[in-house]
Amino acid sequence: MFDKEIDRFLARHNYIAVEPRAALIDMDGTLYDSMPRHAQAWMRMVSEIGIDATVEEFFMYEGRTGASTINLLFNRAFGRDATETEIKELYSRKTKYFTELPPVSPMPGAADMLDFLRKVGMKRVLVTGSGQSSLINRLDTDFPLAFEPDMRITARDVVHGKPAPDPFLMAMKKAEVTPAQSIVIENAPLGVESGDAAGAFTIGVTTGPVPAAALAEAGAAIVFPSMRDLAQKLPILLYALSTQARNLN
Ligand code: CA
């Protein structure tokens with residue numbers, strides 16, 4: 001099972017084998033079903049400052065830092081970057097609107113996926129472009145023991161966010177693993193692009209309106225239709241990964 005996907009990944013990255021020792025895991029849309037609320041909060045904020053936008057586009061920007069999304073919208077609407085002050089004010093307004101919405105639920109299957117990784121001794125690193133403390137602070141309650149305190153990369157740590165490879169490269173450094181020892185779990189095209197650019201076996205999971213094809217196109221080695229499905233098949237996938245080496249002849 002999964003031989004074709006693994007072979008294709010090994011050939012594309014010119015690896016002989018993958019030896020998974022750490023899982024680098026996204027938060028929004030992966031561990032929490034938070035994307036619809038983020039999109040709603042963004043829409044409320046941008047409509048107040050006269051920027052035309054669609055709900056769908058915020059699903060495509062997912063993974064970017066708040067500052068980068070604000071600059072993208074500013075350039076489109078006003079032909080310039082936002083100032084530091086504007087970014088700070090507008091992102092905190094968006095953050096406030098997000099917290100005013102009903103609380104988001106953990107993604108079904110996410111806790112099982114994290115439990116399995118812990119039990120088989122895989123290191124786990126959280127890798128998010130988010131600075132939304134209302135969610136980050138819930139991690140230990142919703143997913144106890146999943147992430148050691150020093151195994152978290154958030155908006156605070158990252159200068160070049162997704163789709164740049166930097167956040168995942170930082171995570172590999174923290175976990176003391178190489179790209180070929182890493183898997184990435186992501187739900188958004190920009191996050192997948194970042195994980196693949198960092199050289200990790202990047203698993204795409206569709207959990208919202210973004211289609212599987214968009215994740216495959218962004219560089220996902222394999223795409224699962226839900227977090228529940230990934231949680232169920234992860235043991236087989238990890239086994240297949242750790243036993244399959246590329247035949248170089
Ligand atoms: Ca995400």
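A brief report on the enclosed structure follows.

Thresholds applied
- Here the residue index of a chain counts from 1 through its sequence in written order.
- With the structure being a predicted model, the display of local features is reserved for residues of pLDDT at least 70 and the display and counting of side-chain atom pairs for 80 or more, all residues being used for whole-chain, interface and lining totals.
- Here the side-chain values reflect all heavy atoms present in the structure, with hydrogen atoms and water set aside.
- Orientation is described by lines fitted to C-alpha atoms, with helices fitted over the stretch in contact, and by angles between N-to-C directions that extend from 0 to 180 degrees.
- The helix count covers DSSP runs of H or I at least four residues long, the strand count covers runs of E at least two residues long, and both are numbered beginning at the N terminus.
- Comment on the angle field: the value is read as roughly parallel under 35 degrees, roughly antiparallel over 145, roughly perpendicular from 65 to 115, and oblique elsewhere.
- Take the far helix as your reference; a near helix turned counterclockwise from it by less than a right angle gives a left-handed crossing, and one turned clockwise gives a right-handed crossing.
- Only heavy atoms enter the contact rule, under which two residues are in contact if any of them lie within 4.5 Å.
- The pairing test for Phe, Tyr and Trp rings, Trp by its six-membered ring, is centres within 6.5 Å, and the orientation test on the planes gives stacked under 30 degrees, edge-to-face over 60, and tilted for anything in between.
- Partly exposed residues are those whose accessible area sits between 20% and 50% of the maximum for their type, while under 20% is buried and over 50% is exposed, using a 1.4 Å probe and protein chains only.
- Nonpolar cores were defined as sets of buried Ala, Val, Leu, Ile, Met, Phe, Trp, Tyr and Cys residues, with membership established by side-chain atoms within 4.5 Å.
- Arc, as used here, means the arc of the directions from the helix axis to the C-beta atoms.
- In this listing, donors mean N, O and S atoms no farther than 2.8 Å from the metal, or 3.2 Å for Na, K and Ca; water is missing from the atoms, so a site can look incomplete.
- Pairing between two strands is assigned when DSSP locates at least 2 bridges connecting them.

1. Notes on the packing of helix α2 (residues 35-48) against helix α4 (residues 66-78)
Angle between the axes and distance between the axes: these two values describe a pair of packed helices. It is at 13 Å that the axes of α2 and α4 come closest, and there the two elements cross at 45 degrees. Compared by their axis directions, α2 and α4 come out oblique. When you trace α2 past α4, the crossing you get is right-handed. For the pair formed by α2 and α4, the contact residues are Trp42, Met45 and Val46 on the first element and Gly66, Thr69, Ile70 and Leu73 on the second.

2. Examining the packing of aromatic side chains
Per the stated rule, a full pass over the model turns up 8 aromatic pairs. Summarising the aromatic geometry, the rings of Trp42 and Phe58 are spaced 5.7 Å apart at their centres and angled 5 degrees between planes, so their arrangement reads as stacked. Linking Trp42 in helix α2 with Phe58 in helix α3 (residues 55-60), this pair joins segments that are 16 residues apart in sequence. Considered together, Trp42 and Phe58 belong to a single accessibility category, that of buried residues. Arranged with centres 5.8 Å apart and planes meeting at 90 degrees, the rings of Phe58 and Tyr61 form a pair that is edge-to-face. You can call Phe58 buried: its relative accessible area is 3%. The structure contains a cluster of three or more aromatic residues connected by ring pairs, namely Trp42, Phe58, Tyr61 and Tyr91.

3. Here we look at the nonpolar core
Counting residues in each nonpolar core, the largest one holds 66 residues, and the members touching the most others are Leu31, Met113, Phe201 and Ile203. Take this core: its biggest share by element is 8 residues, from helix α12 (residues 227-243). Setting aside anything within four residues of it in sequence, one finds Met113 in contact with Ile25, Leu31, Ile185, Met227, Leu230, Ala231 and Leu234. Judged by nonpolar contacts, the second largest core, of 15 residues, contains Leu24, Val127, Phe168 and Val184.

4. Regarding helix α6 (residues 110-119)
Within α6, burial applies to Ala110, Met113, Leu114 and Leu117. The buried side chains of α6 occupy one side of the element, clustering within an arc of 95 degrees when seen end-on. Pointing more than 90 degrees away from the buried face of α6 are the exposed residues Asp112 and Lys119. In this structure, the buried side of α6 is in contact with β1 (22-25), β2 (123-127), β4 (182-186) and α12. Residue Gly121 follows α6 closely and has a positive phi angle near 80 degrees.

5. Structural notes on the coordination of the calcium ion
Asp26 (OD), Asp28 (O), Glu62 (OE) and Asn187 (OD1) make up the full set of protein donors to the calcium ion, lying at 2.2 to 2.3 Å. Sequence spacing of the donor residues for the calcium ion, all on one chain, is D-x1-D-x33-E-x124-N. Placement of the pair is Glu62 in the loop between α3 and α4 and Asn187 in the loop between β4 and α10 (189-197), with a sequence separation of 125 residues. This pair shows no difference in class: Glu62 is buried, exactly as Asn187 is.

6. A word on the environment of Ala188
With respect to the secondary-structure elements, Ala188 resides in the loop between β4 and α10. In this structure, the C-alpha to C-alpha distance between Ala188 and Pro211, residues 23 residues apart in sequence, is 9.5 Å. Setting aside its immediate chain neighbours within four residues, Ala188 contacts Glu62 and Leu215.

7. A look at the sheet that holds strand β6 (residues 222-224)
The 6 strands are arranged β3-β2-β1-β4-β5-β6 in an open sheet whose pairing can be described as parallel. At either end of the open sheet lies a strand with only one pairing partner, and these are β3 (152-153) and β6. Seen against the sheet, α6 touches β1, β2 and β4 and runs at an angle of roughly 155 degrees to β1. Along the sheet face, α10 touches β4 and β5 (201-205) and points at about 165 degrees away from the line of β5.

Take it as geometry only, folks, not as evidence of what the structure does.
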